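Structure at a glance
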Amino acid sequence: MSFHELESELAERHHAHLYRRRRLLESPQGPEVVVDSKRCLAFCSNDYLGLANHPALQRAMIEGAELFGVGGGASHLVMGHSSAHHQLEEALAEFTGRPRALLFSTGYMANLGVITALLDKQDAVFEDRLNHASLLDGGLLSGARFQRYLHNDPQSLAQRLDKSDARRKLVVTDGVFSMDGDIADLPRLSRETRKAGGWLMVDDAHGFGCIGSQGGGCAEHFVLGVEELPILMGTLGKAFGTAGAFVAGSDALIETLIQFARSYIYTTSMPPAVAWATLASLKLVREEHWRREKLARLIERFRTGASQLGFELMNSSTPIQPILVGSADEALRLSEALEDRGIFVSAIRPPTVPAGSARLRVTLSASHTDAQVDRLLDALSAINGSQS
Ligand SMILES: *Cc1c(COP(=O)(O)O)cnc(C)c1O
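Residues numbered from 1 in each chain as written. Predicted model: local features only at pLDDT ≥ 70, side-chain atom pairs only at ≥ 80, totals over all residues. Heavy atoms only, no water.

Some details on the packing of helix 4 (residues 83-96) against helix 12 (residues 272-287)
Definition in use: Interaxial angles span 0 to 180 degrees and are taken between N-to-C directions of axes, which are lines fitted to C-alpha atoms, for helices over the stretch in contact. Per the convention used, a helix needs a DSSP run of H or I reaching at least four residues, while a strand needs a run of E reaching at least two, with both numbered from the N terminus. Any angle that is under 35 degrees is reported as roughly parallel, and any over 145 degrees as roughly antiparallel; angles of 65 to 115 degrees are reported as roughly perpendicular and all others as oblique. Two helices that cross are described as forming a left-handed crossing if the nearer one is turned anticlockwise from the farther one by less than a right angle, and a right-handed crossing if clockwise. Should any heavy atoms of two residues lie within 4.5 Å, those residues are counted as being in contact. Each residue is assigned to one of three groups, with Ala, Val, Leu, Ile, Met, Phe, Trp, Tyr, Cys and Pro labelled nonpolar, Asp, Glu, Lys and Arg labelled charged, and all others, Gly among them, labelled polar.
One can describe the packing of helix 4 onto helix 12 by two numbers: an axis separation of 8 Å at closest approach and a directional angle of 25 degrees. Considering the angle they form, helix 4 stands roughly parallel to helix 12. Of the two possible hands of crossing, helix 4 and helix 12 adopt the one that is left-handed. Side by side, helix 4 and helix 12 meet where Ala84, His85, Gln87, Leu88, Ala91, Glu94 and Phe95 of the first sit next to Pro272, Ala275, Trp276, Thr278, Leu279, Leu282, Val285 and Arg286 of the second. A per-class count over the contact of helix 4 with helix 12 returns 10 nonpolar, 3 polar and 2 charged.

What to know about the sheet that holds strand 1 (residues 32-35)
Stated precisely, the cut-off is as follows: A strand pair is defined by DSSP finding two or more bridges across the two strands.
With respect to topology, 3 strands assemble into an open sheet ordered 1-2-11, the strand pairing being mixed. Unpaired on one side and paired on the other, strand 1 and strand 11 (343-344) mark the two borders of the sheet. As paired elements, strand 1 and strand 2 (residues 38-42) share 4 bridges and run antiparallel to each other. Paired with Val33 across the two strands is Cys40, which belongs to strand 2.

Section: the pairing of strand 6 (residues 169-174)
The line we're drawing: The rule is simple: take the accessible area with a 1.4 Å probe, protein chains only, and divide by the maximum for that residue type; under 20% is buried, over 50% is exposed, in between is partly exposed. Here, the term right-handed applies to a crossover whose path from the first strand over the helix to the second runs clockwise when the strands point away from the viewer.
With 6 of 6 residues buried, strand 6 lies mostly within the body of the structure. Residues Lys169, Val171 and Thr173 line one face of strand 6 and the alternating positions Leu170, Val172 and Asp174 line the opposite face, and both faces are buried. Relative to strand 6, strand 4 (residues 124-128) is paired through 4 bridges, and the arrangement is parallel. Within strand 6, the residue paired with Val125 across the bridge is Leu170. Bridge count for strand 6 against strand 7 (residues 199-203) is 5 bridges, and the pairing is parallel. Residue pairing for strand 7: Val171 is matched across the bridge by Leu200. In this view, the connection linking strand 6 to its parallel neighbour strand 7 by way of helix 8 (residues 186-195) has right-handed handedness.

Observations regarding the packing of aromatic side chains
The cut-off we apply is this: Only Phe, Tyr and Trp rings are paired, with Trp represented by its six-membered ring, and only when their centres lie within 6.5 Å; those with planes under 30 degrees apart are stacked, over 60 edge-to-face, the remainder tilted.
Taken as a whole, this structure holds 5 aromatic pairs when the rule is applied. The interplanar angle of 65 degrees and the centroid separation of 5.7 Å between the aromatic rings of Phe95 and Phe208 together place this pair among those described as edge-to-face. Separated by 113 residues along the polypeptide, Phe95 in helix 4 and Phe208 in the loop between strand 7 and helix 9 (218-221) bring together distant segments of the chain. Each member of the pair, Phe95 as well as Phe208, carries the same accessibility label: buried. Here the aromatic rings of Phe208 and Phe240 are separated by 4.8 Å at their centres, their planes lie at 10 degrees, and the arrangement is stacked.

Structural notes on the site of the ligand
What counts here: One heavy atom within 4 Å of a molecule or strand makes the whole residue count as near it. Polar contact is the term for a pair of N or O atoms within 3.5 Å; when the atoms are in protein, one must be able to donate a hydrogen and the other to accept it, and sequence-neighboring residues count only if both atoms are side-chain atoms.
Inspection of the region around the ligand gives 13 residues, with Gly107, Tyr108, Asp203, His206 and Lys238 positioned closest. Contact between the ligand and Gly107: an oxygen atom at 2.7 Å from a main-chain N or O atom of the residue. The separation between an oxygen atom of the ligand and a polar side-chain atom of Lys238 is 2.6 Å. Of the residues forming the shell around the ligand, the biggest block, 3 residues, is contributed by helix 5 (residues 107-118). Grouping the constituent residues of the shell around the ligand by class yields 2 nonpolar, 8 polar and 3 charged.

Regarding the pattern of salt bridges
Close approach of charged atoms lets side chains of opposite charge pair. Basically, it comes down to this: A side-chain nitrogen of Lys or Arg and a carboxyl oxygen of Asp or Glu constitute a salt bridge if their distance falls within 4 Å.
Applying the stated rule across the entire model yields 17 salt bridges. The residue Arg39 makes a salt bridge to Glu32 at a minimum N-O spacing of 3.5 Å. The shortest N-O distance in the salt bridge between Glu192 and Lys195 comes to 3.3 Å. With a gap of 3 residues between them, Glu192 and Lys195 both fall in helix 8, about one helical turn apart.

Let's talk about the domain arrangement of the chain
Applicable threshold: The domain boundaries here were taken from an automatic or database domain assignment. Note on terms: buried area is the combined drop in 1.4 Å-probe accessible area of two parts once they are placed together, counting the loss on both.
Taken as a whole, the chain is organised into domain 1 (21-50 + 289-387) and domain 2 (55-287). Centre-to-centre separation of domain 1 and domain 2, based on C-alpha positions: 27 Å. Buried surface at the junction of domain 1 and domain 2, summed over both partners, amounts to about 1,600 Å²; 58% is from carbon and sulfur atoms. The tally of links from domain 1 across to domain 2 stands at 1 salt bridge. The shortest N-O distance in the salt bridge between Arg359 and Asp180 comes to 2.9 Å. The interface formed by domain 1 and domain 2 holds 12 residue pairs in polar contact (both at pLDDT 80 or more) in total. Breaking the side of domain 1 that touches domain 2 down by element, the ones donating at least two residues are helix 13 (289-308), strand 10 (320-326) and strand 13 (358-363).

Below, the structure written as C-alpha cells:
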C-alpha cells in the first residue's frame, strides 16, 4: 500500500484553496498574541470574556494542582471523580437552575455522549442544518433516523416532527450558531418540540457566559427552565476560559448519562485543577457584568464601522461577527491581506460553511479595546479599497 492516494487528495485540497494549516501560538491567548514569531492583533479566539489568561484563573489552576495533583488518574466511574469536579457540577447546576449537571472532558464528547445515550435506531433526531459538527456526528453515530430542518426555522421543524412516528424525538440545535453568530429561536423551537412530545437539546457553546444578564447563556436570555429546555449543554473552553463541558438537566437525564454515555464512561476525567480553575471563572462570569457590557459596546462599534465600509455582516448580536465574502479564494485573500497588516482574522471556508458562503469570522472579546477594533476597521477599509 502506498500513500499516493492520500497525497493526491491533499493536492486537490490545496488547489481548491481549502488546505488548512496550523499556526504556532507562542503567547497566551489575548488581543495581542505572538504567532509564528510575529506579534499581531487577533480577532479569532473564542475567549469572549478575556478569561483564558486571567490571573485569578492562573492562581486557581496552581492551587488546584497543589490540592488535587495534575492528572485525573482514572475515569469518573472508577476513581477519577474528585471533589473539585463534584463542586463544579453542583455550582453549574445551581447557576443554570437545573437539578443536576455532569462534566465532560470536551464539548465534542458531551454532544456525542448525550445523543448516543438517549437514542437508537427506533428514534429520530432533528437537527438544524447549520449545527456544529459534533452534534451532527452524535446524531449519525446514534443510529437514529437523521433529519435536518431549515436553519432556525420552527415551521420546518414542526413539519418534520409531525411526520415522524419514532419512539423518541430529539431536537438538537446550537444556541448561538458558531459560524453565523445568530441566536436560535428557542422559545418557538421548544414549543414545537413539546407539542410533538419530543425533547429539546441546546448546545450553548457560544452563548454560555456571553449572553443572559448573569452570563447564563440562551437559557437565561429566553428564561427557559428545565421543562422548556430539558437538555442544556455548555462548554467551558470558550467564554469560561478553561476547558471541558457540561450537560445540565433532570436527575433522570444525568443518571442516564452516567450509566450510558460512552464518551463519559470510557475516558479519564479532566484534570481536577481545570475544574478548580473553572470555579474561579464561574465567579468572574457571574459577578463581573462589565465584561458583557464592554463586549456589547465593542460589537456595536464593529458593526457600525464595518457597515459604513460597505461590508456584508450577518444577523448577529453576539461576539461572533462574520463578514460574508462568498468565494473561498476571496476570503483567503482578505485574511492574508489583514495578516500582512499584522491582524489575524480566520477565513472560514467550505466544508465548515456551505459552498459560496465563505467568510471572515471576526470574533470580539471583552479584552479588546476600542482602539484595537478601530485598527481592524482601518485595515478592512484599506484592503477593501485595494480590491477593485
Ligand atoms: C466549540 C464547540 C463545541 C466543542 O466544544 P469543545 O469543548 O471545544 O470540544 C461544541 N459545539 C459547539 C457549537 C462549539 O462551538
